Amino acid sequence: MPGLLLGDVFPNFEAETTIGKIKFHDFLGSSWGILFSHPRDFTPVCTTELARAAQLSDEFKKRGVKMIALSIDSAEDHRNWSKDVMAFNSDGADSPLPYPIIADDKRELSVQLGMLDPDERDKDGMPLTARCVFVIGPDKKLKLSILYPATTGRNFDELLRVIDSLQLTAQKKVATPVDWKPGDKVMVIPSLSDAEATALFPSGVTTKELPSGKSYLRYTQL
Ligand code: BEZ
């Protein structure tokens, strides 16, 4: 079964979560969304990841991004484990986890969304969820997907960086180069002619000379 492709409408699934039953599109409303799965509750790397995600929740909120996590544990497990996650952040011990977790204990959603990691199994031999990330736009379409194995924790600062790029490039005819961060120069997209680029970017367009003689490496400052 082919997985979700960029540009596909994200499934409007129903699920049990730590905040009760949700229908995903209603949960998102008109916001951007980030859905991130983890292999299992009460495991070390997952605890560090969800704790970091909690620390950065105001940054996601500032960008208008609704956060939701998922694993193949029950809502009750998620609620109990959330206390450990928040206690891992020394300043967060008494606060609730600032985003819900989907309880996919039947693995239905994990199968539907292609999230299972065939290399990581529980004690009964059942596959665990990989570390998937889906970023969904306000149009409910998939804008980005990343897939890490269970043994490699993600970098949530990088997720904020890619969201900054996704939100910028959704508005302007630019692309962000390697290691870009907000405020850095951006690249003019190849489909724009030089004349269109000059008209569109009043701060000017600089073109790097290359051995090929082709003028495709065009920067502008927004
Ligand atoms: C962890 O979160 O530490 C973890 C979970 C499953 C497999 C390996 C590591």
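A brief structural summary. Because the structure is predicted, anything quoted here is derived from the model rather than measured.

Here helix α2 (residues 44–55) crosses helix α4 (residues 75–88) at 70 degrees, and the two axes come no closer than 8 Å. Considered as vectors, α2 and α4 are oriented roughly perpendicular to each other. Helix-helix and strand crossings are classified by hand; for α2 and α4 the assignment is right-handed. Judged by residue contacts, Cys-46, Thr-47, Thr-48, Leu-50, Ala-51 and Ala-54 of α2 engage Trp-81, Asp-84, Val-85, Met-86 and Phe-88 from α4. Here the contact of α2 with α4 is built from residues that sort into eight nonpolar, two polar and one charged.

Right, let's talk about the pattern of salt bridges for a bit. Summed over all chains, the structure comprises 14 salt bridges. With a shortest N-O distance of 3.6 Å, Arg-40 and Asp-122 are connected by a salt bridge. Highlighted residues: Arg-40 in the loop between β3 (32–37) and α2 and Asp-122 in the loop between β6 (116–121) and β7 (127–129), separated in sequence by 82 residues. The class for Arg-40 is partly exposed, based on a relative accessible area of 24%.

Calculation rules
Residues numbered from 1 in each chain as written. Predicted model: local features only at pLDDT ≥ 70, side-chain atom pairs only at ≥ 80, totals over all residues. Heavy atoms only, no water. Axes fitted to C-alpha atoms, helices over the stretch in contact; angles between N-to-C directions. Helix = DSSP H or I, 4+ residues; strand = E, 2+ residues; numbered from the N terminus. Parallel < 35°, antiparallel > 145°, perpendicular 65-115°, else oblique. Left-handed = near helix turned anticlockwise from the far one by under 90°. Contact = heavy atoms within 4.5 Å. Nonpolar A, V, L, I, M, F, W, Y, C, P; charged D, E, K, R; others polar. Salt bridge = Lys/Arg side-chain N within 4 Å of Asp/Glu carboxyl O. Buried < 20%, exposed > 50% of the residue type's maximum accessible area, 1.4 Å probe, protein only.

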